[in-house]
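Okay, here's what each chain looks like letter by letter:
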Amino acid sequence: MDIEKVEKSEKNPITTLWDDILFMPVIGLLDSKRAQDIMDIMLEEADATNARYIILDIKGVAAVDSAVANHLVKITKATKLLGCETILSGITPNVAQSLVHLGIDLGNLITTARVSGALEAAFSRLGKTVVSVDALK
Amino acid sequence: MNSVLRETVKQLHGCAILTLPSDVDDELLHSLSCQFYSYVIREDLQGVVFDFSNLRTLDCRLAEALFGFAKAVRTLGPQVEICSICPGVASSLALLDFDAGEIVISRSLTASLDAIHSRSGLER
């Protein structure tokens, strides 16, 4: 693995959260170079693991403007072409308002405020559910 | 089945698998599609899977033609899925703002066949 690739992976970690579900938190600024890096990493990992869902958590993204939103839309379109759906989590009220005001169409993209909501959405589509142990007693 | 179809199409459990060759171009696509439409009608298929695994590069125009082909096949009746798009192709198409529309895309041929059979309520 070359140094550039290692640096890219360190800046943009991705991990398997569950069978068929990957998780990638994004922290900091999201410019077009970084968006391309994120897209490359997500596509490589989705291809290598055959994952069906990627949770992309943007809670740590400094600001979401129309350029960032367009990057996110492109990333989700790319993963979809591999048969892997992106779920966008970490949407804050400010981000939600910005997206509406900017007139950004997220299409059929699944968005949630919390990572747990994204995980639930993925589980639901995979026919899985989380139940309390007490409920099973 | 004529030679172009024989080289690119296999039938499995009521589904046709059309494996696109790496050198697919407009001419080949035109010839293939004309023959494939008749084949789909004749065989009364449950599903059709377009396997993109051989394609390492794809420009937006050819992608639109291929997806258009898939959509046209779907209007003839069978369920249609596209599978095995490689990361490089996915990245290029996304950057070109390519819209796959409502065509279902799966990770692998197995996933496509499973999905078609699951929706049809058939066992493989």
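Residues numbered from 1 in each chain as written. Chains lettered and ligands numbered in written order. Predicted model: local features only at pLDDT ≥ 70, side-chain atom pairs only at ≥ 80, totals over all residues.

Caption draft 1: Representation of the overall build of chain A within the structure. Per the secondary structure count, chain A includes six helices and five strands. Secondary structure elements in chain A, listed N-terminal to C-terminal, are α-β-β-α-β-α-β-α-β-α-α. For 137 residues, the compact-globule estimate of 2.2 N^0.38 gives 14 Å, and the C-alpha radius of gyration of chain A, at 15 Å, lies within 12% of that figure. Dimensions along the principal axes, computed over C-alpha positions, put chain A at roughly 50 × 40 × 25 Å. The buried share of chain A, taken over its 137 residues, is 36%. Considering only contacts within chain A whose residues lie at least 6 apart along the sequence, 75% involve residues at least 24 apart. (Helix = DSSP H or I, 4+ residues; strand = E, 2+ residues; numbered from the N terminus. Rg over C-alpha atoms; globule rule 2.2 N^0.38 Å. Buried ≥ 20, exposed ≤ 12 C-beta atoms within 10 Å, placed from the backbone. Contact = placed C-beta atoms within 7 Å.)

Caption draft 2: Summary view of the interface of chain A and chain B. Facing 14 residues of chain A, the contacting portion of chain B comprises 14 residues. Sorting the residues of the side of chain A that touches chain B by element identifies helix 2 (32–49) and helix 3 (66–81) of chain A as the ones contributing at least two each. When its residues are assigned to classes, the side of chain A that touches chain B shows six nonpolar, two polar and six charged. (Nonpolar A, V, L, I, M, F, W, Y, C, P; charged D, E, K, R; others polar.)

Caption draft 3: Structural view of the confidence of the model for chain B. For chain B, per-residue confidence averages 89 on the pLDDT scale, and residues scoring 70 or more make up 97% of the total. In the predicted assembly, ipTM is 0.74 and pTM is 0.81. (pLDDT = per-residue confidence, 0-100.)

Caption draft 4: Local environment of the environment of B:E7. By the element assignment, B:E7 lies in helix 1 (residues 3–8). With 13 residues separating them in the primary sequence, B:E7 and B:L20 have C-alpha atoms 9.5 Å apart.

Caption draft 5: Focus on the sheet that holds strand 1 (residues 15–18) of chain A. Residues and elements named next belong to chain A. Strand order in the open sheet formed by five strands is 1-2-3-4-5, and the pairing between neighbours is mixed. At either end of the open sheet lies a strand with only one pairing partner, and these are strand 1 and strand 5 (110–111). Where strand 2 (residues 21–28) meets strand 3 (residues 53–61), seven bridges bridge the pair, whose relative direction is parallel. Bridge assignment links I27 to a residue of strand 3, and that residue is G60. Sitting on the sheet, helix 2 touches strand 1, strand 2 and strand 3, and the angle it makes with strand 2 is about 165°. (Pairing = 2+ DSSP bridges. Axes fitted to C-alpha atoms, helices over the stretch in contact; angles between N-to-C directions.)

Caption draft 6: Highlighting the pairing of strand 1 of chain A. Where strand 1 of chain A and strand 2 of chain A come together, three bridges link them in antiparallel fashion. The residue of strand 2 of chain A that forms the bridge with A:W18 is A:I21.

Caption draft 7: Main features of helix 5 (residues 109–120) of chain B. Residue and element names in this part refer to chain B. Along its 12 residues, helix 5 runs 17 Å from first to last C-alpha, staying within 8% of the 16 Å computed at 1.5 Å per residue. All of the buried residues along helix 5 are S112, L113 and I116. Here the buried residues of helix 5 occupy an arc of 95° about the axis, which is enough to place them on one side. Backbone geometry just downstream of helix 5 places G121 in the positive-phi region, at approximately 70°. (Expected span 1.5 Å × (residues − 1). Arc of directions from axis to C-beta.)

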